[in-house]
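# Observations on the three-dimensional arrangement
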Amino acid sequence: MRIDPEKCVACGNCLPICPVGAIHIDPAIGRAVVNEDGCVECFACFRGMSKEHLNPVMVRTIRQIAKFFRFRFDPEPDICPTDAIIPQELTWPRIVRRAFSDPQVPHESTGIHGRGTAEVKTNDVTNRVKEGEAGFVVEFGRPGVGARFRDIQQVTTALADCGCEFEKNNPVTSLMIDPSRGLIREDILNEKILSAIVEIKTRLGQVPLILKKIRDLSRAVDTVISVGVSTRCDAAGNDALHEILEREGYPMYRGKTNLGLGRITHDTAQGKMQSAD
Amino acid sequence: MTNTLHRYSEHYAFERTSNPEPIKDDYIVFAMASRGLNDDNLVEKYRSFLQLALKHKPVNIGDATKGGILRPRQDMNPTAHWRRDHSPDPEQVIAGIEGYTTVAAVFDNYEAMRAFVAELECAQLGISINISAPMDDARRCCEETGITRHSVEYSIGFCGRVDKLPDGTTLELSTMCGHGMVSANFARKMVEWAKENRRTAEEAARYMARFCICGVFNVHRAERIIKQACTLNR
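Calculation notes
- Residues numbered from 1 in each chain as written.
- Chains lettered and ligands numbered in written order.
- Predicted model: local features only at pLDDT ≥ 70, side-chain atom pairs only at ≥ 80, totals over all residues.
- Helix = DSSP H or I, 4+ residues; strand = E, 2+ residues; numbered from the N terminus.
- Contact = placed C-beta atoms within 7 Å.
- Pairing = 2+ DSSP bridges.
- Domains from an automatic or database assignment.
- Nonpolar A, V, L, I, M, F, W, Y, C, P; charged D, E, K, R; others polar.
- Axes fitted to C-alpha atoms, helices over the stretch in contact; angles between N-to-C directions.
- Expected span 1.5 Å × (residues − 1).
- Buried ≥ 20, exposed ≤ 12 C-beta atoms within 10 Å, placed from the backbone.

## Some details on the environment of Thr200(B)
Mapped onto the elements of the fold, Thr200(B) is located in the loop between α6 (184-195) and α7 (201-209). Separated by 26 residues in sequence, Thr200(B) and Ile226(B) place their C-alpha atoms 9.2 Å apart.

Right, here's the structure in full:
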């Protein structure tokens, strides 16, 4: 993302909008500029701000007069008055920033928007996580900190050493050169993204061990990690995970509940799922 | 929709308080189809979901590819600074659905969510339906509507460099868009503006909601949080 210096009037509205704080006013030129290394290409500034299409010279003149008289200009806080925010054409490897940061871009590997994962949201039709199994959703950079793939790799390699298998249908796994060792392709390791999810699946009994491992590993990385754990309920709707998490002392106030109302409606898919079972 | 999983509240505070207040105004129900499994008549199914939701007065509805009931506009003119139209447009969300996405409805009370879920069960849309809410409330809702829970996913909070995170009030606001489109700095700015009486809490909440691209930002909860922050009740 870049800001057109010809159009920018240094109103400062876009500064707090940036989720990772990558925009500042450069006092030398009196314009807002984007820190290219810090920008995660999430498009929050470009897409989220409403736009006026005012003449920059006129706006600057009004702002200078107001400034001279120490008047406080009180504009709408979510508007770019001169439409100065310009997306750049992204090439590899920078393009992965947008794939993992802009929720409007579907991931090529899964076709899903946002972070590109289905977890147990569609488990009632995919049966991805079965009874007795636990699905882990380890999300790097969330909330609002951002992460580099180098940090993610530090954790994925350690998890691979523990024998964890990564979900195949996952955007991060699709960027691994060796999923059995948790190795991510070298050319993207320094790319910064808003967040990315690593998914693994284990037996329920391993939940305490894996959670402790993630906690321990999180101390060594330069970002924040959000963790979710899922399982399939039994025929009565009870889940064995609750007791495990309670015993281990993890907070579990909030979460998602799949109601089991989904059903396979494609005949061919139904046949495939039955033969897979 | 993992973006609704880690909505921060005192229950996830790093220095936990003994009895955090339960969250009674933030319930999300969302629908998602799976490619090749149940994505036939997809647009129709999603539209039916949102039309049913509207009967129960949600505080927001959204299509993950287009946005919620409050959206940014590309054609503003200077009169917006005095006469901004803050009215929500749910019909725009429903009409805009084009294909594969996730649709969601946000409610500010348990009864509305329960009534919507009961209606969804009868509607038999065939796509996956999830509740994202306090787990006890979701479980109660299932019991009361005769639904057997299929799967559950717990948010167990944050670890690592939590020192990089903002204060609890800001986190509670900004994590209502789990995709991170409502920045912590903007949430903080809106709280300050409300404190300075430059904008009302309602206006501040709506400014933030426009950035949430999938429409799961709860404007009512945000308004309550901002009002509490203004009166130093948090």
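## Here's the deal with the interface of chain A and chain B
Taken together, the contacts link 81 residues of chain A with 78 residues of chain B. In terms of strand pairing, strand β15 (residues 254-258) of chain A meets strand β5 (residues 151-160) of chain B through four bridges, oriented antiparallel. Among the inter-strand pairings, Gly255(A) is bridged to a residue of β5(B), identified as Tyr154(B).

## Notes on the domain arrangement of chain A
All names here are of chain A. Here the domain parsing of chain A yields domain 1 (2-86) and domain 2 (102-276). The interface of domain 1 with domain 2 comprises seven residues on the first partner and six residues on the second. Residues that form the side of domain 1 that touches domain 2 fall into these classes: five nonpolar, one polar and one charged.

## A short note on the sheet that holds strand β13 (residues 196-203) of chain A
Taking strand neighbours across the sheet as the criterion, the 10 strands line up as β9(A)-β13(A)-β7(A)-β14(A)-β5(B)-β15(A)-β4(B)-β1(B)-β3(B)-β2(B) in an open arrangement whose pairing is antiparallel. Because the sheet does not close on itself, it has two edges, and the strands there are β9 (165-166) of chain A together with β2 (60-63) of chain B. By the bridge criterion, eight bridges tie strand β14 (residues 224-232) of chain A to β5(B) in an arrangement that is antiparallel. Residue Ser226(A) lies in a different strand from β5(B), and its bridge partner there is Phe158(B). This element, helix α1 (residues 42-54) of chain B, spans β1 (27-32), β2 and β3 (102-107) of chain B of the sheet and lies at about 5° to β3(B).

## Details of helix α6 (residues 149-161) of chain A
Residues and elements named next belong to chain A. The terminal C-alpha atoms of α6 lie 18 Å apart, and with 13 residues this matches the ideal 18 Å at 1.5 Å per residue to within 8%. Of the positions making up α6, those classed as buried are Phe149, Asp151, Ile152, Gln153, Val155, Thr156 and Leu159. Each element contacted by the buried residues of α6 is listed here: β7 (133-140), β8 (147-148), β11 (183-184), β13 and α7 (207-218). At the exit of α6 stands Gly163, carrying a positive phi of roughly 90°.

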